[in-house]
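Chain by chain, the residues:
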Amino acid sequence: MDQQKKIWLKSPAAIFTANAMDADNGLVIQGKQIIELVATGQRPHCIYDHYIDCSDLIITPGLINTHHHFYQTLTRCVPGALNKPLFPWLKFLYQIWKNLDAEMLYSATQLAGLELMLSGTTTVADHHYVFPKGLENAIDIQVEAIDSLGCRATLTRGSMSLGESQGGLPPDSVIQTEDTIINDSQRLIDTYHDRAEDAMIQIALAPCSPFSVSKQLMQETAELALKNDVMMHTHLAETEDENKFCLSQYGMRPLDYLESCGWLNDKTWLAHGIHFTQDEIARLGAAKIGIAHCPSFNMLLASGICPTMELEQAGCHIGLAVDGSASNDCSNMIQEVRQSLLQQRLRYSAQTITAERVLGYATIGSAKVLGRQKLGQIQVGYQADLALFSTNELRFSGVGDPIAALVTCGAHQVAKLMVAGKWLIEDGKHGQILQSQLMQTHHALAKSLQAKSL
């Protein structure tokens, strides 16, 4: 597609803009940007080159996943990890993950990224924190894999510095020294971090959790992030076990510990954010902290339900995430929207948790969580990142409200996906990646990895 041509995506079956603006008769894109919204009963004011009939398509902003562990696609539904709470689950899987290699990580990143894209995701975020010997350049490998897919990404330089010998959970073979972590973090920022509003790759800094790194590393990471003006990320308040661990280890609850390390600011987003007190929620909101809401993972590990409404009302940004594939066992973002709707209605009312609200978490909310100012909305001047879902499926037959149907009828896969004005997926297939070949390679590598722990 000529990037200078003006293309009218005409007359969609429905459109979710994430901002309540009228674009019921579609939108016009040129190059990488949205240049016009076409209101009900109107035609474009600009002269367009051609149009695409979208009458059987539902259009949304490209979905944005705010938390994942791509390498975990290699350990889905491993028998020894099933039906366990978080800490025992981690202890078992670390014995497998310590054998991760470069080929495995590249394949896992491609496969997880493609899964996300096929389910409507245009921007992915990954949290990689396992660095066994030979995998020191893990993030470089991920950059290459993401580039092959063509989507946007926030890749976080994760870290663990406390191994089993120091009272941590991971084996010593996958941790790194603090100097190694800090030096590599700076290298990655200098090499890959793009500050432009249309950036394809951004880097964030992400110690795994309060119980896997030292306080010194937490503090030095915050200082480095401030110096480089990049985002910070970690797991927090995921389980009650974590609260107990922090109280016994540090004499304070996780949020107090986070604040003592210099992390309580608007450059921080947290995965999970379940077990907070009302006072802690108020403090998080005042600091404009982002929350990666992970409903499937939290339900599968019976961790609890994120208090999204209280956090949002306090001032936090709420984004959506599928989380890792060794826990969720699925990287389907549009299904995660449905999971959020169902889970959150157990805590709040059906009138409060609507399809529009949870789609908002996955789009405009996630963009705010990642600090991406021109993503997550269908709006003039924003990036042309779009997900188009076909209504021509059995699950949608007979629907009255297509936007509600997208969530409650369980949309599964996009018909078309656009990133930066380019169609990357058409007719449900990626233009550059042969899915069957990728699956075959990935599956063989997964079996090889799992066999090493036997």
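A brief look at the structure comes next. Computed from a predicted structure; not experimentally measured.

### What to know about unusual backbone geometry
- In the Ramachandran plot, Asn83 falls in the positive-phi region, its phi being about 60 degrees despite a non-glycine side chain.
- Residue position: Asn83 is located in the loop between strand S7 (63–64) and helix H1 (86–97).
- Within the chain, His272 stands out as a residue other than glycine whose phi angle is a positive 90 degrees.
- Along the chain, the position of His272 falls in strand S12 (residues 268–272).
- Its relative accessible area of 0% is what places His272 among the buried residues.

### A short note on the side chain of Glu336
- Mapped onto the elements of the fold, Glu336 is located in helix H11 (residues 333–347).
- Despite its burial, Glu336 remains without a salt bridge, the nearest opposite charge being carried by Arg76 at 11 Å.
- Within polar-contact distance, the side chain of Glu336 engages the backbone nitrogen of Ser296 at 2.8 Å.
- In this structure, Glu336 is in contact with Cys294, Pro295, Ser296, Leu320, Ala321, Val322 and Asn328, ignoring residues within four places of it in sequence.

### Quick word on the packing of aromatic side chains
- Here the structure, examined in full by the defined rule, presents 9 aromatic pairs.
- Between Tyr71 and Trp97, the ring centres sit 5.0 Å apart and the planes meet at 90 degrees, which makes this aromatic pair edge-to-face. Linking Tyr71 in the loop between S7 and H1 with Trp97 in helix H1, this pair joins segments that are 26 residues apart in sequence.
- A relative accessible area of 0% places Tyr71 in the buried class.
- For Trp97, a relative accessible area of 1% translates into the label buried.
- Arranged with centres 6.0 Å apart and planes meeting at 80 degrees, the rings of Trp89 and Trp97 form a pair that is edge-to-face. Residue Trp89 shares its accessibility class with Trp97, and that shared class is buried.
- Within the aromatic cluster, the residues linked to one another by ring pairs are Tyr71, Trp89, Tyr94, Trp97, Tyr129 and Phe297.

### Description of the state of the cysteines
- If you walk through the whole model with that rule in mind, you get 0 disulfides.
- Looking at the unpaired Cys246, the closest cysteine sulfur is the one in Cys261, lying at 9.6 Å.
- For Cys246, a relative accessible area of 0% translates into the label buried.
- In this structure Cys330 is not part of a disulfide, and its nearest cysteine sulfur, from Cys77, lies 10 Å away.
- Assessed through its relative accessible area of 22%, Cys330 is described here as partly exposed.

### Here's the deal with the sheet that holds strand S6 (residues 57–61)
- Spatial strand order, S2-S6-S15-S16-S17-S18: 6 strands in an open sheet with mixed pairing. Looking at which strands have only one partner, the edges of the open sheet turn out to be strand S2 (14–15) and strand S18 (429–430).
- Sheet topology note: the S2/S6 ladder contains 2 bridges and is parallel. Bridge pairing in S6 links Ala14 to Ile58.
- Packed onto the sheet, helix H2 (residues 102–118) meets strand S16 (416–419), strand S17 (422–426) and S18 and runs at close to 90 degrees relative to S17.

What counts, and where the lines are drawn
- Residues numbered from 1 in each chain as written.
- Predicted model: local features only at pLDDT ≥ 70, side-chain atom pairs only at ≥ 80, totals over all residues.
- Heavy atoms only, no water.
- Helix = DSSP H or I, 4+ residues; strand = E, 2+ residues; numbered from the N terminus.
- Buried < 20%, exposed > 50% of the residue type's maximum accessible area, 1.4 Å probe, protein only.
- Lys, Arg positive; Asp, Glu negative; His and termini not counted.
- Salt bridge = Lys/Arg side-chain N within 4 Å of Asp/Glu carboxyl O.
- Polar contact = N/O pair within 3.5 Å; in protein donor to acceptor, adjacent residues only side chain to side chain.
- Contact = heavy atoms within 4.5 Å.
- Phe/Tyr/Trp six-rings, centres within 6.5 Å; stacked < 30°, edge-to-face > 60°.
- Disulfide = S-S within 2.5 Å.
- Pairing = 2+ DSSP bridges.
- Axes fitted to C-alpha atoms, helices over the stretch in contact; angles between N-to-C directions.

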